[in-house]
Amino acid sequence: MLNDSDATEVLSGLDQRIVAALQISPRAGVAEVGRILGGHERSVSRHLQRLLDTGAVRCTAEYDRLRCGLGPTVRLRLKAPTSCLKSIVQELANRPDVLNVAAVGGAVGHLWCELLLESHRLLYSLTTDGIPGLPEIDVRSSHVTLRPFLTEAEWHAPVLTEEEEKRLRASLVKPLPDSAHRYELTPTDLRVADALMKNGRISLTDLGSGLGVSTATAGRRVTALLERRVLHLRTVVDPALLGRPVQARVRLKVHPAGLEEVGSTLAASPAVRSCVAVTGRHNLLADVCVEHETSLYSFVVDTLGALPHILAYDTDIIRRLPPDGPAPRTAPR
């Protein structure tokens with residue numbers, strides 16, 4: 001269950017730059033990407049289409065769970081029987097309330113999964129009754145998400161210049177400063193969201209046609225969802241394709257006085273793919289993706305070692321298991 005990095009072919013330099021551009025701005029046009037990256041539009045179009053056709057890259061969208069009333073998530077460290085490990089992983093991956101699954105390298109049967117908490121009663125029963133429908137799984141620890149410092153949807157490969165990143169961000173929809181904490185989605189909103197989840201780069205013409213509205217109306221609907229931060233666009237790609245095959249989950253015990261500082265500092269690190277404050281003895285979880293194991297060592301020594309409020313840490317080498325994409329795969333009620 002270790003990262004089989006040797007089996008993954010790393011994308012070319014141009015492909016990595018195109019992917020990074022789409023991670024920042026998933027709906028950026030080919031002409032815009034080519035202009036910012038200094039590449040010919042035809043070349044960028046050809047490379048991007050190949051990335052999409054082969055499934056190396058997928059542009060999609062995901063709900064902001066709290067703003068849509070979907071509730072928080074809990075990250076679970078699990079122990080599953082080795083005799084039925086494959087079937088358990090498949091069952092977890094197919095559940096609409098499971099957002100992602102990862103195997104822990106070097107620890108047979110140990111898994112991480114992120115579970116959508118539809119009710120707090122589920123949280124209370126997890127440690128006693130386990131995951132509903134999967135009684136054979138032992139829940140070793142649970143961590144409810146309190147505050148995301150960085151989500152996977154916000155991370156991008158660090159291969160662009162500051163100026164290129166700035167120009168890509170200039171065309172993004174700006175969130176409203178006074179948007180409500182909770183937003184009630186209309187049936188049309190749900191249809192727009194569903195279309196963007198299937199294809200985050202769908203043209204406004206095709207979107208409008210599918211909805212039975214004008215192109216301008218489709219554009220306004222998309223903008224409204226993004227402005228109110230109830231929907232986030234995302235470009236999904238395996239970090240190994242970007243030359244970062246070593247993935248780790250770092251569990252940190254941080255003094256409360258330094259939690260904001262440590263979380264913000266880690267969120268700004270190019271090696272950190274996501275960072276969330278959580279409940280539990282380890283109150284901060286950071287997912288890291290780097291070039292090799294020595295880079296992980298450097299991250300521990302140079303990045304974590306420079307932060308005075310970290311009291312303890314633990315590291316798992318992990319491997320994301322398919323499907324690794326946006327979540328949830330259910331609509332808000």
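Residues numbered from 1 in each chain as written. Predicted model: local features only at pLDDT ≥ 70, side-chain atom pairs only at ≥ 80, totals over all residues. Heavy atoms only, no water.

Peer 1: Please explain the confidence of the model for the protein as it appears in this structure.
Peer 2: For residues with low pLDDT, the predicted coordinates do not support detailed interpretation. Here the protein shows a mean pLDDT of 90. Residues at 70 or above account for 93%. Across residues 1-5 the pLDDT falls below 50, and counting only partners more than four positions away or on other chains, this stretch makes 17 contacts in the model. (pLDDT = per-residue confidence, 0-100. Contact = heavy atoms within 4.5 Å.)

Peer 1: Sorry, what's going on with the packing of helix H7 (residues 187-198) against helix H9 (residues 215-227) here?
Peer 2: The relative placement of two packed helices is expressed as an angle between their axes plus a distance between the axes. Where H7 contacts H9, the two axes come as close as 10 Å, and the packing angle between them is 90 degrees. Judged on the interaxial angle alone, H9 and H7 are roughly perpendicular. For the pair H7 and H9, the contacting residues are Thr-188, Asp-189, Val-192, Ala-193 and Leu-196 in the first and Arg-221, Val-222 and Leu-225 in the second. Of the residues in the contact of H7 with H9, the class split is five nonpolar, one polar and two charged. (Axes fitted to C-alpha atoms, helices over the stretch in contact; angles between N-to-C directions. Helix = DSSP H or I, 4+ residues; strand = E, 2+ residues; numbered from the N terminus. Parallel < 35°, antiparallel > 145°, perpendicular 65-115°, else oblique. Nonpolar A, V, L, I, M, F, W, Y, C, P; charged D, E, K, R; others polar.)

Peer 1: Whenever I open this one, the pattern of salt bridges confuses me. Can you help?
Peer 2: A pair can form between side chains of opposite charge whenever their charged atoms are brought close. Within the structure shown, the criterion is met by 19 salt bridges. One salt bridge in this structure joins Arg-320 and Glu-152, with 2.4 Å as the shortest N-O distance. Placement of the pair is Arg-320 in strand E10 (residues 310-321) and Glu-152 in the loop between strand E5 (138-150) and helix H6 (162-170), with a sequence separation of 168 residues. The burial state of Arg-320 is the same as that of Glu-152; both residues are buried. Taking the shortest distance from any N to any O, the salt bridge between Glu-291 and Arg-244 comes out at 3.7 Å. Of this pair, Glu-291 sits in the loop between strand E9 (284-290) and helix H11 (293-304) while Arg-244 sits in the loop between strand E6 (231-237) and strand E7 (246-254), placing them 47 residues apart in sequence. Under the relative-accessibility criterion, Arg-244 is labelled buried at 10%. By sharing partners, the salt bridges in this structure join Glu-62, Glu-152, Arg-234, Arg-249, Arg-273, Asp-287 and Arg-320 into a single network. (Salt bridge = Lys/Arg side-chain N within 4 Å of Asp/Glu carboxyl O. Buried < 20%, exposed > 50% of the residue type's maximum accessible area, 1.4 Å probe, protein only.)

Peer 1: Whenever I open this one, the environment of Asp-129 confuses me. Can you help?
Peer 2: Relative to the assigned elements, Asp-129 resides in helix H5 (residues 120-129). Expressed as a C-alpha distance, the spacing of Asp-129 and Val-139, which sit 10 residues apart in the sequence, is 8.9 Å.

Peer 1: Looking at this structure, I do not really get the pairing of strand E8 (residues 272-278). What am I missing?
Peer 2: Regular strands have side chains that alternate between both faces of the sheet. Of all seven residues that make up E8, seven are buried, and the element is covered over most of its length. As paired strands, E5 and E8 are joined by four bridges and run antiparallel to one another. Bridging from a neighbouring strand, Leu-150 pairs with Cys-275 of E8. Of the strand pairs in this sheet, E8 and E9 are connected by five bridges, and their pairing is antiparallel. Bridge assignment links Ala-277 to a residue of E9, and that residue is Leu-284. If you look at the hairpin formed by E8 and E9, you'll find five residues sitting between the two strands, and Gly-280 has a positive phi there, around 110 degrees. (Pairing = 2+ DSSP bridges.)

Peer 1: Quick question: what am I supposed to make of the packing of helix H1 (residues 13-24) against H6 here?
Peer 2: The interhelical angle for the contact between H1 and H6, taken along N-to-C directions, is 40 degrees, at an axis separation of 9 Å. When the interaxial angle is binned, H1 and H6 end up oblique. H6 is crossed by H1, and the crossing has right-handed handedness. For the pair H1 and H6, contact is made by Arg-17, Ala-21 and Ile-24 and by Glu-164, Glu-165, Leu-168 and Arg-169, respectively. Here the residues of the contact of H1 with H6 sort into three nonpolar, no polar and four charged. (Left-handed = near helix turned anticlockwise from the far one by under 90°.)

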